[in-house]
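Close look at the chain arrangement
Next come the chains, spelled out residue by residue.
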Amino acid sequence: MRKHLNNITGSLFKNSVAVEKDKDGSNNPDPHAGQEDENTERGNWSSKREYMLSMIGYAVGLGNVWRFPYLAYKHGGGAFLIPYTIMLAVAGIPLFFMESSFGQFCSQGPINVWKAVPILQGVGITMMLASTLMAIYYNVIIAYSIYYFFASFQYPLPWSVTNCNSTALNVTAENQTCQNEISAGQSLSEKYWDEVALQRTSSMNETGPIVWHLALCLLLAWILVGAALFKGIKSSGKVVYFTATFPYLVLFALLIRGVTLPGAKDGIDFYIGSKSNLTKLADAEVWKDAATQIFFSLSIAWGGLTALSSYNKFNNNCYQDSIIVCVTNCGTSIFAGFAIFSILGHMAHVYQKPVSEVANEGFGLSFIAYPDAISRIPISPLWSILFFFMLITLGLDSQFAGIEVITTCFQDAYPKILKSKRGLVTTAVCIVLFLLGLPCVTGAGIYWVNLIDTFCAGWILLVIGLLEVLGLSVLYGGNRFIKDIEMMIGAKSSLFWLWWRACWFFITPVVLSIILVWSLYTFTAPTYASIPYPDWGISLGWCMIAFCLMWIPILAIWKVYKASGSPWQRIKAACSPTEDWGPYLECHRGERYCMRDGTDPNISVISNKVTTRL
């Protein structure tokens, strides 16, 4: 009798799932081909193309332009690609694949996904807080780019002229009078950056007034972000068609222009050419920098990958997407290096200096060295406009995902209340973060930006990444996680999973642990422009780290306390998935996620559907 009942209920379950799949369109070979959302409560991407452009835009950011080229020439040129590629394979792609598939499987944001391992739910809160701090200072960098963009609409460019003996002179290769007077100090572009754009004070102790032109640019940046995200992924997915593709057009144009300039060959040689130094591979710092660059350039552990992937349809091929996005991101870094260093080589030719003396990383490259180089080529305002507009679009793409992390966490926490108020939530978040960012546009603002970037975009992410891979591979179970992925993309051979098991169980945690320990061991107090930070500033940086990370042990203790039974049973319960963990839609849950109380799976699966269909 029981066997007969199981056969009947099993058939009913299969038929009900088939009906659901036909209704949702999820049996279509292209899971994004349908126009209607599969998940009507949370929504889905309008098309696969919008998701891919959003992921590429999130991963490809300012670091691809101002950090990777510098690290490449610093660590042996072309030789740096060897550790860079290895770290991409053993740390970058495995973590990227893990995060994106994790969010897609349960269609939840960075906090709710940890229903899989409740004791680690604090990791999700840490992700959201890290993204919040990043959003505050990252939009200030976009504001810098907006200011330079508007300043580029004049000829000559304002950072190419100065007053010497009350006479405005345009500094060119032929006229070095004014440049000789300041050669022992700052360059013209550096003086413009410090004294005009930033109006920088002498130290962090001296706050100074709000720099109003930067405050207005910051307001404009937040208006752009708020407008693009007002309807969530439905509106941002349309914006990325432009913001994710335009930077490639500019980089290509800059490369074509750069290689035609005198001295471009010297710049490319310094970057990745004949001066490659394989002996650098014996230096541990090279491997550490390669791993760090891969980890940060792919935007791992911020929560954005999980948030963006949570809006995918269940059967989307997240494995294929991860490979495409990671390879595109790293290819963009390499390509950007050629465009950047061809023009820096020309600047070295003009100044009659080695490329190593004109190339910097970070702010020095984007707002000092490169603008200076652009000012020395024909039609300089046009190239300056294109360059800074490219920086704006690169920054906005990454900022979209950062804000999406915050709003998704709120939406998942209060789905019924905020379901129809996405625009209001986005507006409120943008207003609050704009106000929190105002200290970063004072005279001491650059010190705040550099401080947050140094402390909050480093160790926090390494800790998150390490706990993430250990939590899913050890506590949740790597084999269980692989079965979850196969529910989405189909069964794969054991040989296919061999590499991913090796990475998730051993290689990736070891690499992240080494990077974390090495970074802490080699820590030196940050400076900006050789100006040391005050003790209270350093203490504040550590406090920001503590504020983000403290939720991990707090939530872990709370989850154990709320569980019942003996101490060991409490810990075990806190490490086990909650009852409602699994795919968001019932039609995707299958027998593995229907009931966990020991009752017959066939009966429990159809319990709700039978009553409605009979």
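Worth saying up front: this structure is predicted, and the values here are computed from it rather than measured.

**Regarding the overall build of the protein**
When helices and strands are counted, the protein shows 26 helices and four strands. Taking all 614 residues of the protein together, 59% fall into the buried category. Of the contacts made within the protein by residues no fewer than 6 positions apart, 81% connect residues no fewer than 24 positions apart. Entry remark: accessible area of the protein is about 25000 Å², with carbon and sulfur atoms responsible for 64%.

**Things to note about the nonpolar core**
Within the largest apolar cluster, 194 residues are counted, with the highest numbers of intra-cluster contacts made by Tyr 144, Trp 193, Phe 363 and Trp 504. Considering each element in turn, this core owes the most residues, 22 residues, to helix 6 (residues 121-151). If near-sequence neighbours (up to four positions away) are discounted, Phe 363 is found in contact with Trp 66, Ile 141, Tyr 144, Trp 193, Ile 368, Ile 446, Val 449, Asn 450 and Tyr 528.

**Remarks on the pattern of salt bridges**
Should the charged atoms of two oppositely charged side chains come close, the side chains can pair. Using the criterion set out here, one finds seven salt bridges in the structure. Of the charged contacts, one joins Glu 50 and Lys 238 as a salt bridge, the two residues approaching to 3.0 Å between their closest N and O atoms. Residue Glu 50 is located in helix 2 (residues 48-59), and its partner Lys 238 is located in helix 10 (residues 233-243); the two are separated by 188 residues in the primary sequence. Note that Asp 580 is salt-bridged to Lys 115, the shortest N-O span being 2.9 Å. With Asp 580 in the loop between helix 25 (567-574) and helix 26 (601-613) and Lys 115 in the loop between helix 5 (81-106) and helix 6, the pair connects residues that are 465 residues apart, well separated along the chain.

**A word on helix 16 (residues 363-374)**
Its twelve residues give helix 16 an end-to-end C-alpha distance of 16 Å, which sits within 8% of 16 Å, the value for a rise of 1.5 Å per residue. Turning to helix 16, its buried residues number three or more, namely Phe 363, Gly 364, Leu 365, Ser 366, Phe 367, Ile 368, Ala 369, Tyr 370, Pro 371, Asp 372, Ala 373 and Ile 374.

**Observations regarding the packing of helix 13 (residues 284-297) against helix 22 (residues 494-521)**
The interhelical angle for the contact between helix 13 and helix 22, taken along N-to-C directions, is 115°, at an axis separation of 10 Å. As the angle between them shows, helix 13 and helix 22 are arranged roughly perpendicular. For the pair helix 13 and helix 22, the crossing hand works out as left-handed. Of the residues in helix 22, those touching helix 13 at Ala 284, Lys 288, Ala 291, Thr 292 and Phe 295 are Val 511, Leu 512, Ile 515, Trp 518 and Ser 519.

**Quick word on the side chain of Ser 473**
Within the secondary structure, Ser 473 is located in helix 21 (residues 459-489). Using a relative accessible area of 5% as the deciding quantity, one classes Ser 473 as buried. From its side chain, Ser 473 meets the backbone oxygen of Trp 504 in a polar contact 3.3 Å long.

**What to know about a nonpolar patch on the surface**
A contiguous nonpolar patch, built from Phe 150, Phe 153, Leu 216, Leu 219, Leu 220, Ile 223 and Leu 224 and spanning about 650 Å² of accessible area, is present on the exposed surface. It is helix 9 (residues 212-228) that contributes the most residues to the nonpolar patch, five residues altogether. Relative to the elements of secondary structure, Ile 223 occurs in helix 9.

**Considering the environment of Val 325**
As for its placement among the helices and strands, Val 325 is situated in helix 15 (residues 318-351). Sequence-wise, Val 325 and Met 52 are 273 residues apart; in three dimensions their C-alpha atoms are separated by 7.4 Å.

**Let's talk about the environment of Ile 334**
Looking at the secondary structure, you find Ile 334 in helix 15. By relative accessible area, which is 25% here, Ile 334 ends up partly exposed. Aside from chain neighbours lying at most four places away, what touches Ile 334 is Phe 68, Leu 81 and Tyr 271.

**Quick notes on the confidence of the model for the protein**
Looking at the protein, pLDDT values average 81 and 85% of them are 70 or higher. A low-confidence stretch, residues 595-614 (pLDDT under 50), is modelled with 32 contacts involving residues beyond four sequence positions or located in other chains.

Conventions we followed
Residues numbered from 1 in each chain as written. Predicted model: local features only at pLDDT ≥ 70, side-chain atom pairs only at ≥ 80, totals over all residues. Heavy atoms only, no water. Helix = DSSP H or I, 4+ residues; strand = E, 2+ residues; numbered from the N terminus. Buried < 20%, exposed > 50% of the residue type's maximum accessible area, 1.4 Å probe, protein only. Contact = heavy atoms within 4.5 Å. Areas by Shrake-Rupley, 256 points an atom, 1.4 Å probe, with all protein chains shown as cover. Core = buried A, V, L, I, M, F, W, Y, C linked by side-chain atoms within 4.5 Å. Salt bridge = Lys/Arg side-chain N within 4 Å of Asp/Glu carboxyl O. Expected span 1.5 Å × (residues − 1). Axes fitted to C-alpha atoms, helices over the stretch in contact; angles between N-to-C directions. Parallel < 35°, antiparallel > 145°, perpendicular 65-115°, else oblique. Left-handed = near helix turned anticlockwise from the far one by under 90°. Polar contact = N/O pair within 3.5 Å; in protein donor to acceptor, adjacent residues only side chain to side chain. Patch = residues over 30% accessible without salt bridge, like charges linked within 9 Å, V, L, I, M, F, W, Y side chains within 5 Å. pLDDT = per-residue confidence, 0-100.

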